[in-house]
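What follows is the residue order along each chain.
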Amino acid sequence: MSKIERAEVFVASPGRSFVTLRLTTSDGVTGLGDATLNGRELAVASYLREHVVPLLIGRDPARIEDIWQYLYRGAYWRRGPVTMTAIAAVDTALWDIKGKVAGLPVYQLLGGRSRDGVLVYSHASGADVPELLDDVARFRELGYQAIRAQAAVPGVGGTYGVRKGVVYEPAATALPEEQPWSTESYLDFAPAYLEAVRERFGFDFHLLHDVHHRLTPIEAARFGKRVEDCRLFWMEDPTPAENQEAFRLIRQHTTTPVAVGENLSSIWDVQQLITEQLIDYVRTTVVHAGGITHLRRIFDLAALYQVRTGSHGATDLSPVTMAAAVHVDLAVPNFGIQEYMPHVAETMEVFSSGVRFENGMLHPSEEPGLGVGYDEKAAQRFPYEPRYLPVARRLDGSVHDW
Ligand code: KDG
Ligand code: MG
């Protein structure tokens, strides 16, 4: 029997911070898992190094489900982003190994293709409306069939989702940047720029918008109703999701589709949202929701309630997660869309990936496993640099949801 012989945890910042797990079997087969939790990287690295690696050595890498159950139930302390990201890294690496051993790309192990390619959306943004419109034009020219639009709210300075450099990277400072927020200004301004995008570019592409947890349920209801004629593919995270019942109020007022889940980590965290059909898209991801094994379980539950998938895919999800996501997206029957932000050149000096973008779709590598590589020597050129996500404050100085 093959055994897990080695488990290494790498923490590096090639363009941004990533935590990567590499498992090696007694047959010399390696598997990679992403363990990155933006702004809390070392918590997961330590959870893995101190509490998970000792449990893995000597186990049969073929027993993916059993190892998942052992790490989840065996910890006694369940769920939560740190635990579920650590379990995800192990699970993803084991699927990579299983694919390599079988000589098959991971999507084949998940039942094979349900579609020819994976529809993706990318991020257009601007410091003002003309800049946003130019950016949407750029993404249209690049072939994207779905585009998320965000613009800086006047009087609030930089806002969530608005690029400062080449790539949008919110975790940019050694301590959290404090960003001002005004719900009133946002509610006045955001519908107008979404309308401007539709007026200029029409309706033959999907338009998305991320509210990023900033509104109360009734404000979100008003926003969704106001933008109905823009026919959004979705409004994302209209209100924080701790109280899932809150989404019923949004539902009572608007037909704008709702997407939730990027910061939720287990099937229990999305159960009510799904089974009571309070959302249209579930955005949980491989890396933060327990890996391929658990994500598949969430997506299967969602399928029963006509909820489709729309996994998180910002640049804080490493190329390992992006590759794993594309394998899952290709296979599940209820796929909706995949978020996609290409990584910067430094990141790709460390990771290699066979994922390919063509005509607004992603395609996986046909190599056995996930089709990703990690160059540990190259990673040494990019030592870990801690970076925090920003914190939002209302104009009166009180803390708001970022
Ligand atoms: O780490 C947090 C980011 O990934 C998140 O803020 C990005 O909301 C986001 C999105 O939809 O990509
Ligand atoms: Mg989001």
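Values in this document were obtained by computation on a predicted structure and should not be read as measured data.

J.: Quick one: what's the story with the site of ligand 1, residue by residue and with numbers?
T.: The full set close to ligand 1 counts 15 residues, and Tyr160, Glu236, Glu262, Asp316 and Glu339 are the nearest of them. Asparagine 38 has a polar side-chain atom sitting 2.9 Å from an oxygen atom of ligand 1. For ligand 1, an oxygen atom lies 2.9 Å from a polar atom in the side chain of histidine 312. When ligand 1 sits alone it has 330 Å² of accessible area, and the protein chains cover 94% of it. More than half of the atoms belonging to ligand 1 lie within 2 Å of the grid points that define the largest pocket.

J.: I'd like a rundown of the layout of surface pockets, residues and numbers included.
T.: Here the largest pocket is characterised by a volume of approximately 1000 Å³. If you trace the largest pocket, you find 39 residues lining it, with Asn38, His212, Asn263, Leu389 and Trp402 closest to the centre. The set of elements that each furnish at least two residues to the lining of the largest pocket consists of helix H3 (81–102), strand E17 (391–394) and strand E18 (399–400). Along the lines of polarity and charge, the residues of the lining of the largest pocket split into 19 nonpolar, 11 polar and nine charged. Each of domain 1 (4–105) and domain 2 (109–366) contributes no fewer than three residues to the lining of the largest pocket.

What counts, and at which threshold
- Residues numbered from 1 in each chain as written.
- Chains lettered and ligands numbered in written order.
- Predicted model: local features only at pLDDT ≥ 70, side-chain atom pairs only at ≥ 80, totals over all residues.
- Heavy atoms only, no water.
- Near = heavy atom within 4 Å.
- Polar contact = N/O pair within 3.5 Å; in protein donor to acceptor, adjacent residues only side chain to side chain.
- Areas by Shrake-Rupley, 256 points an atom, 1.4 Å probe, with all protein chains shown as cover.
- 1 Å grid on protein atoms, 1.4 Å probe; cavity = no way out; pocket = protein on both sides within 12 Å on 5 of 7 lines; lining within 4 Å.
- Sits in = over half its atoms within 2 Å of the grid points.
- Points joined across faces, edges and corners; volume = space filled by probe spheres on them.
- Helix = DSSP H or I, 4+ residues; strand = E, 2+ residues; numbered from the N terminus.
- Nonpolar A, V, L, I, M, F, W, Y, C, P; charged D, E, K, R; others polar.
- Domains from an automatic or database assignment.

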